[in-house]
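Architecture at a glance
Single-letter residue listing:
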Amino acid sequence: MSQQMEMKLENRNRVFHKIREEGSISRPEIIRQLNLSLPTVAQNLNELLEMNLIRESGVIGNTGGRRAKAYSISAESVISIGLDIAQEEISIVVADLTGKMLEHEKKTVVYQRNDAYYRILGDYIAEIETKYPKSVILGVGIAVQCIVSHDYQTALFCKSMDMQGLTVEEIGKYIPYPCRLYNDANAAGYAEITEWSDTKNMFYISLSDNIGGAVLVNDTLYYGDTPKSGEIGHIILYPDGKQCYCGQKGCFDAYCNASVLRKASGMRLDAFFAKLAEGDADCVAHWNEYLEHLSLAIHAVRMLFDCKIVLGGYVGTYMEPYLDVLREQVIARNPFENNADYLDVCCVKTDALAYGSALPFIHAYWNDV
């Protein structure tokens, strides 16, 4: 590619991203903010309009002179789909060109590693095709409770579900779009980091039926060499402690996955937290024990990574009222800091795993505009 062509594509990409970032912006303002010439901006606006990636969205300005046209992203000109495969349900998310969640839905389906289940996935994608042209669908990301290969094509290690060795070719047999597998915690962490504009480094802890983690450095997932980075669920909190599904004893997962609270209380998670808010003595006792275990893991993460820590997953969505108490417990374990402002709860509380599986297709497309 010639240098002139590279510059042309770079300018078009800059104009596109400026419109995306601003939401709605005029041509004079694009010229001013990007320091580009009028002909260059006009040409790129025309190209983006022809590509149906932007649209005219009214006018801007009210100073007595001629008001300038405003330009916005054509949000549904490109979409991607995210699936979260759980043991008894499937979450489905559609993300638009701006990176926003257009729609989300849950389906009650028991996971089975067979052709009938894969057909069901294909049927769900076909339902989405009835709402959007096939030509605008970039791909399908699939969140799984597994360690996934660097090329996103194979489930390398999985003990919680029958997915060992599962490939994209197998599970995506009836999906007529590019597919990728994503580790569930990595997908949720990726969705979360996009919500924190002032945060570049983060450790995301997913407190769901299994505990996972995601390491994000400079807004990018760090997978590790093998790639098992972030598998915080299997750090040993208590040697020779509770039995974990992985075969080891004393794992963080055995003490703080969401099912621990359900089993201890005999309630659904929402009912448990409702009783906890009412001050139910048994729920309070279970919760205090849970927080003690959780504070140990958070302290270990802080000592290792010295970055923002975000709590997500099923339990993380209920954590807000108890965050100050947890922060105090973490502070008590930390010899270096007297505050824990780095500890927060997730922003993405709805279908984070499916959403985080859809976003990479959109973000990759941004770079190629």
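Keep in mind that what you see is a predicted model, and the values were worked out from it rather than measured. (Residues numbered from 1 in each chain as written. Predicted model: local features only at pLDDT ≥ 70, side-chain atom pairs only at ≥ 80, totals over all residues. Heavy atoms only, no water.)

1. Quick word on helix α10 (residues 281-305)
Between its terminal C-alpha atoms α10 stretches 36 Å, which fits the 36 Å expected from 25 residues at 1.5 Å a residue. Within α10, the full set of buried residues consists of Cys283, Trp287, Tyr290, Leu291, His293, Leu294, Ser295, Ala297, Ile298, His299, Val301 and Arg302. Regarding α10, its N-cap is aspartate 280, as a side-chain oxygen of that residue lies 3.2 Å from the backbone nitrogen of aspartate 282 further along. Immediately beyond the C-terminal end of α10, within one or two residues, lies aspartate 306, with a positive phi of roughly 50 degrees. (Helix = DSSP H or I, 4+ residues; strand = E, 2+ residues; numbered from the N terminus. Expected span 1.5 Å × (residues − 1). Buried < 20%, exposed > 50% of the residue type's maximum accessible area, 1.4 Å probe, protein only. Polar contact = N/O pair within 3.5 Å; in protein donor to acceptor, adjacent residues only side chain to side chain.)

2. Notes on the sheet that holds strand β14 (residues 308-312)
The strand order across the open sheet formed by five strands is β13-β12-β11-β14-β15, and the pairing between neighbours is mixed. A single partner strand is all that each edge strand has here, and the edge strands are β13 (220-222) and β15 (343-345). Strand-to-strand twist of the sheet, defined as the mean angle between neighbouring strand axes without regard to direction, takes the value 30 degrees. Here strand β11 (residues 202-207) runs beside strand β12 (residues 211-217); their pairing, made up of six bridges, is antiparallel. Paired with isoleucine 205 across the bridge in β12 is glycine 213. Across the face of the sheet, α10 comes into contact with β11, β12, β14 and β15 while running at roughly 145 degrees to β14. (Pairing = 2+ DSSP bridges. Axes fitted to C-alpha atoms, helices over the stretch in contact; angles between N-to-C directions. Contact = heavy atoms within 4.5 Å.)

3. Some details on unusual backbone geometry
With an omega of -10 degrees, the peptide bond running from threonine 226 to proline 227 counts as cis. Positive phi outside glycine occurs at asparagine 52, with the angle close to 65 degrees. Tracing the sequence through the fold places asparagine 52 in the loop between α3 (38-50) and β2 (54-60). A positive phi angle is found at asparagine 218, which is not glycine, with a value near 50 degrees. Within the secondary structure layout, asparagine 218 lies in the loop between β12 and β13.

4. So, the side chain of asparagine 44
Considering the arrangement of structural elements, one finds asparagine 44 in helix α3. Residue contacts for asparagine 44: discarding those within four places in its chain leaves Lys8, Asn11, Arg12 and Val15.

5. Focus: the pattern of salt bridges
Within the structure shown, the criterion is met by 24 salt bridges. Here arginine 119 ties to aspartate 115 by a salt bridge, and the two come within 3.2 Å at their closest N and O atoms. With arginine 119 and aspartate 115 both in helix α4 (residues 115-129) and four residues apart, the pair spans about one turn of that helix. The class of arginine 119 is partly exposed, set by a relative accessible area of 45%. The class for aspartate 115 is partly exposed, based on a relative accessible area of 28%. Residues lysine 200 and aspartate 219 are paired through a salt bridge, measuring 3.0 Å at the closest nitrogen-oxygen approach. Linking lysine 200 in the loop between α6 (184-193) and β11 with aspartate 219 in the loop between β12 and β13, this pair joins segments that are 19 residues apart in sequence. One network of salt bridges, in which partners are shared, links Lys18, Arg20, Glu21 and Glu22. (Salt bridge = Lys/Arg side-chain N within 4 Å of Asp/Glu carboxyl O.)

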